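# Structure assessment
Each chain, letter by letter, is given below.
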Amino acid sequence: MTPEMSKELQNISQQHVDNLIGNVLAELDKMKADIQAVSTTRPDPDVLINNPEPFKYFEFLAIACFRLRGKWKRANEAAKTLEKKRTEWNTVISAALVHARRDLSNMEKGSSDYEAQVGKVMSLVDLLAMTFRPLSGPNAQWVAVTAAMVGTGYQ
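Described in the following lines is the structure provided in the data block.

Basis of the calculations
- Residues numbered from 1 in each chain as written.
- Predicted model: local features only at pLDDT ≥ 70, side-chain atom pairs only at ≥ 80, totals over all residues.
- Heavy atoms only, no water.
- Salt bridge = Lys/Arg side-chain N within 4 Å of Asp/Glu carboxyl O.
- Helix = DSSP H or I, 4+ residues; strand = E, 2+ residues; numbered from the N terminus.
- Buried < 20%, exposed > 50% of the residue type's maximum accessible area, 1.4 Å probe, protein only.
- Phe/Tyr/Trp six-rings, centres within 6.5 Å; stacked < 30°, edge-to-face > 60°.
- Lys NZ or Arg CZ within 6 Å of the ring centre and 35° of its normal.
- Axes fitted to C-alpha atoms, helices over the stretch in contact; angles between N-to-C directions.
- Parallel < 35°, antiparallel > 145°, perpendicular 65-115°, else oblique.
- Left-handed = near helix turned anticlockwise from the far one by under 90°.
- Contact = heavy atoms within 4.5 Å.

## So, the pattern of salt bridges
Counting across every chain of the model gives 11 salt bridges. Of the charged contacts, one joins Asp103 and Arg42 as a salt bridge, the two residues approaching to 2.3 Å between their closest N and O atoms. Pair noted here: Asp103 is in helix α5 (residues 75-105) and Arg42 is in the loop between α2 (14-38) and α3 (45-49), with a separation of 61 residues, a long-range link. Judged by relative accessible area, which is 32%, Arg42 ranks as partly exposed. One salt bridge connects Lys56 with Glu53, and the closest N-O pair in it is separated by 3.2 Å. With Lys56 and Glu53 both in helix α4 (residues 53-67) and 3 residues apart, this pair spans about one turn of that helix. Taking the relative accessible area as the measure of exposure, Lys56 reaches 38% and is therefore partly exposed.

Structure representation (structure tokens):
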């Protein structure tokens, strides 16, 4: 999460969070359609790598929902929806990573194709890191800790 996002969290409104969640879910649905247009059996790593924005907002929105849970009746529901999508996309990115790694193992080391595939694998690992931590439930204690840090200058 960028410092600008952390500042935005200090005074974010429930309407803004609701709109952002809608936008992120719409982007993920479009990405899913793009992936399925290429192949229904194998996630295309290029589609994922070229569209990292929705994944960057998972943490931001989870923290916003946590901070607004006393003011916004749908905060818990929104956090559960985000968690469901995070789990789904974690699986999709993991599958793309497995296929990219398999492709990498079949290439000649040192070739330009090999280096390009290594770059894809690293980009997929970055995306996987954005979808790694649970956003709600008993295993998401980090959300509360991070939300408490908003506005303190520590991250």
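Now that the structure has been shown, we can carry on.
## Observations concerning the side chain of Asn90
On the secondary structure map, Asn90 appears in helix α5. Note on Asn90: relative accessible area 18%, which makes it buried.

## Describing the packing of aromatic side chains
Under the defined criterion, the tally for this structure stands at 3 aromatic pairs. Between Tyr57 and Phe60, the aromatic rings sit 5.8 Å apart at their centres with planes inclined by 90°, giving edge-to-face as the arrangement. Linking Tyr57 with Phe60, this pair stays in helix α4, spanning 3 residues, or about one helical turn. Over the face of the ring belonging to Phe66 we find Arg69, whose NZ or CZ atom lies 3.7 Å from the ring centre.

## Re the packing of α2 against α4
The N-to-C vectors of α2 and α4 enclose an angle of 150°; their axes lie 10 Å apart at closest approach. As judged from the angle between their axes, α2 and α4 are roughly antiparallel. Considering the relative orientation of α2 and α4, their crossing is left-handed. Each of Val17, Leu20, Ile21, Val24, Glu27, Leu28 and Met31 in α2 lies in contact with α4, whose residues at this interface are Glu53, Pro54, Phe55, Tyr57, Phe58, Phe60, Leu61, Ala64 and Cys65.

Remember, this is a structural readout, not a statement about activity or role.
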